[in-house]
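One letter stands for each residue in the lines below.
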Amino acid sequence: MSQSSFSMRAFRRVTVTVLALLAAMSTTAAPLVLSNASTSVTVYGGEANNGLVPSGGFFDYTDLSLPATPTWSIDPFLRFATGSTTVLSNGAAGGFGSPVALGGGTIGNSAVTGSVTTSAVTELIGTVARTTFNFTAATGTSLDGTTFGFYAENDILGFGDDTAAFTGSIAGGDLALFQYDTVGGGITVRLSGSSISGASLVSFGSGIWTGFGTALEGGDLTVLSGDGSNFVGGPGDLGLALAFALTGDSASIVIDYTTQPLPPERVPEPASVALVGVALLALATRRRKYG
């Protein structure tokens, strides 16, 4: 990334943050917080009024041990058979409304978008922010042709030098996406998801936020793949995404978002030897810092 584009990125982030603060002063957003000794999750739901790439989103995740908040934009979205897309963290455009405390350490959100009703229940299990999404088609319709996506644009100790990797595979049922700071190490975001019923994980990806997030928001899923063939490792200002095909009258999906100290030990192909070297460098840096 050039110095000029880096400066423009920084300027945009500052500008968006100021606008978000001004908007918060003029609205009645009602975020709810889940927390324990290690982790805090602030759920905004549709109050974020987000569109994948601006600041804010469905929730903010804070690792209290550092402390650090790696999330920049966390956004679930629906892409319909027509190609149109609704970002569920954008209540102003037909997404979720305000979060509701359901009791028992859970927070709920719901939205009706066209013929699809979406509900979400978020809980904090140790360090894992877990959201269960449920989809129901209106009577006489089906979910066929609808894709559910979960987008996470993370800034790990700075936004310009992150690395992404994945382990496992869709076929193996053990896919997990990771993002971590190339230079500093110390914190790694882990994103994974699975189908409970009526859905199948079909594609995933990583990409530079400016093109990756806007493509997904516009309904362009070609930036994702089923085998990671176009997965962008970085370093750069990256985002991660999972996509599920919905079928039948109803579907249910679980998404887990968490952090861990170090990058994954195994990085599958396609990946470079240099990426493995980065992971070893991060480990050495952590040992020097804490040893």
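Relevant structure appears above.
What counts as what
Residues numbered from 1 in each chain as written. Predicted model: local features only at pLDDT ≥ 70, side-chain atom pairs only at ≥ 80, totals over all residues. Heavy atoms only, no water. Salt bridge = Lys/Arg side-chain N within 4 Å of Asp/Glu carboxyl O. Helix = DSSP H or I, 4+ residues; strand = E, 2+ residues; numbered from the N terminus. Core = buried A, V, L, I, M, F, W, Y, C linked by side-chain atoms within 4.5 Å. Buried < 20%, exposed > 50% of the residue type's maximum accessible area, 1.4 Å probe, protein only. Contact = heavy atoms within 4.5 Å. Pairing = 2+ DSSP bridges. Axes fitted to C-alpha atoms, helices over the stretch in contact; angles between N-to-C directions.

Now for the pattern of salt bridges. Summed over the entire model, instances satisfying the criterion amount to one salt bridge. Here R130 ties to D256 by a salt bridge, and the two come within 2.7 Å at their closest N and O atoms. With R130 in strand β9 (residues 128–137) and D256 in strand β16 (residues 250–260), the pair connects residues that are 126 residues apart, well separated along the chain.

Membership of the largest hydrophobic core comes to 46 residues, with the highest contact counts inside it found for F59, F135 and F148. Tallying contributions element by element places strand β15 (residues 238–246) first for this core, with five residues. Once residues within four sequence positions are removed from consideration, F135 is found in contact with L78, V116, T117, T118, L143, F148, L246, D249, S250, A251 and I253. One finds V87, Y151, F212 and L216 within the second-largest nonpolar core, a separate group that totals eleven residues.

Before going further, it helps to examine the sheet that holds strand β1 (residues 32–35). Across the sheet, three strands lie side by side as β1-β2-β3; this open sheet has antiparallel pairing. Across the chains shown, the open sheet's two edge strands, defined by having one partner strand only, are β1 and β3 (59–63). Within the sheet, the average angular offset between the axes of one strand and its neighbour, ignoring direction, is 15°. By the bridge criterion, four bridges tie β1 to strand β2 (residues 39–43) in an arrangement that is antiparallel. In the sheet register, L34 faces β2, and the bridge partner there is V41.

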